[in-house]
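Overview (structure and organization)
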Amino acid sequence: MPVSPIPRGVYPSVTALDPEALRARGITLVLADLDNTLVPYGVTEPPEEIVAWKQALEDQGIQLFLLSNSRKPGRAQSFAQRLGIPYQGHSGKPRRAGYLRAMERMGRRPEETVMVGDQIFTDILGANLCGMRSVLLDPLSPDPSATVRFKRSLEGFLRPHYTRLTAGEETVKSKA
């Protein structure tokens, strides 16, 4: 399987993804990163716009699933419980195993699944390796870790080109 860091869509935030358009494309499972995708680093409570977006997904028959690499004890679990969604922490993204385990738990196949995240070399690359759609989001806050800041510097060379590269393969329409 070819390795590709190119997402199928690029959006400013997760709430810009239209649940109706996702459903029209056969999506029934959204795997979402936590930090800098659903909320900025350190935020522990789901904001109202995320709660409303989750409800809009459910109204379309789409399940939201938290797929996180967070190693902070209880972080992913606590946030997912507050939002009322299933989760998987320590997912090992971009390795395929975490994505495949999440889809298996939810009884879904790659063609029914989209991964949304803010990092090219974890969220997007791993989703592409599994054959599912991937959507890159703008990060919500600056990154505290040196590792992520280094990856962001590499991403800086790719991000400006993605809007043009993905325009013909848009996964979903933006609500914006």
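As a starting point, this report considers the structure included with it. Treat the numbers as computed from the prediction; the structure is a model and nothing was measured.

1. Looking at the overall build of the protein chain
Secondary structure summary: the protein chain contains 6 helices and 6 strands in total. The secondary structure elements of the protein chain, listed N-terminal to C-terminal, are β-α-β-α-β-α-β-α-β-α-β-α. Relative to its full complement of 176 residues, the protein chain shows a buried share of 49%. Relative to all contacts within the protein chain whose residues are 6 or more apart in sequence, the contacts with residues 24 or more apart total 71%. Carbon together with sulfur atoms contributes 55% to the accessible area of the protein chain, which is approximately 8200 Å² in total.

2. Some remarks on the nonpolar core
V14, V30, L64, L66 and V116 are the most contacted members of the largest nonpolar core, which totals 26 residues. Mapped onto this core, the elements with two or more residues apiece are β2 (29-32), α2 (48-59), β3 (63-67), α3 (75-83), β5 (113-117) and β6 (133-137). It is α3 that contributes the most residues to this core, 4 residues altogether. With near-sequence residues (within four places) excluded, V30 lies in contact with L22, W53, L57, I62, Q63, L64, F65, V114 and V116. Core analysis: the next-biggest nonpolar cluster, separate from the first, contains 12 residues, A102, M115, C130 and M132 among them.

3. Here's the deal with the side chain of K93
Following the sequence through the fold, K93 ends up in the loop between β4 (87-88) and α4 (96-106). Those residues in contact with K93 that lie beyond four places of it in its chain are D33, L67, S68, N69, Y99, M115, T122 and D123.

4. Concerning the pattern of salt bridges
Counted according to the given criterion, the structure contains 7 salt bridges. The residue K93 makes a salt bridge to D123 at a minimum N-O spacing of 2.8 Å. With K93 in the loop between β4 and α4 and D123 in helix α5 (residues 120-130), this residue pair connects regions lying 30 residues apart in the sequence. Residue D123 is classed as buried on the basis of its relative accessible area, which comes to 0%. Note that E111 and R109 form a salt bridge whose closest N and O atoms lie 2.5 Å from each other. Of the residues examined, R109 reaches a relative accessible area of 46% and is grouped as partly exposed.

5. Focus on the sheet that holds β3
Pairing is parallel across the open sheet formed by 6 strands, whose spatial order is β1-β6-β5-β2-β3-β4. A single partner strand is all that each edge strand has here, and the edge strands are β1 (9-11) and β4. Direction of pairing for β5 relative to β6: parallel, over a ladder of 4 bridges. By the bridge assignment for β6, G117 is matched with L136. Of the strands in this sheet, β3 and β4 touch α3, which is tilted by about 165° from β3.

6. Side note on unusual backbone geometry
A cis amide bond links K93 to the next residue, P94, at an omega of 15°. One can find P94 in the loop between β4 and α4. At N36, a residue that is not glycine, the phi angle is positive and equals roughly 75°. Of note, N36 is situated in the loop between β2 and α2. The exposure class assigned to N36 is buried, which follows from its relative accessible area of 0%. We note that H90 has phi near 50°; this positive angle belongs to a residue other than glycine. Within the secondary structure layout, H90 lies in the loop between β4 and α4. Taking relative accessible area as the criterion, H90 reaches 45% and is therefore assigned partly exposed.

Quick notes on the rules
Residues numbered from 1 in each chain as written. Predicted model: local features only at pLDDT ≥ 70, side-chain atom pairs only at ≥ 80, totals over all residues. Heavy atoms only, no water. Helix = DSSP H or I, 4+ residues; strand = E, 2+ residues; numbered from the N terminus. Buried < 20%, exposed > 50% of the residue type's maximum accessible area, 1.4 Å probe, protein only. Contact = heavy atoms within 4.5 Å. Areas by Shrake-Rupley, 256 points an atom, 1.4 Å probe, with all protein chains shown as cover. Core = buried A, V, L, I, M, F, W, Y, C linked by side-chain atoms within 4.5 Å. Salt bridge = Lys/Arg side-chain N within 4 Å of Asp/Glu carboxyl O. Pairing = 2+ DSSP bridges. Axes fitted to C-alpha atoms, helices over the stretch in contact; angles between N-to-C directions.

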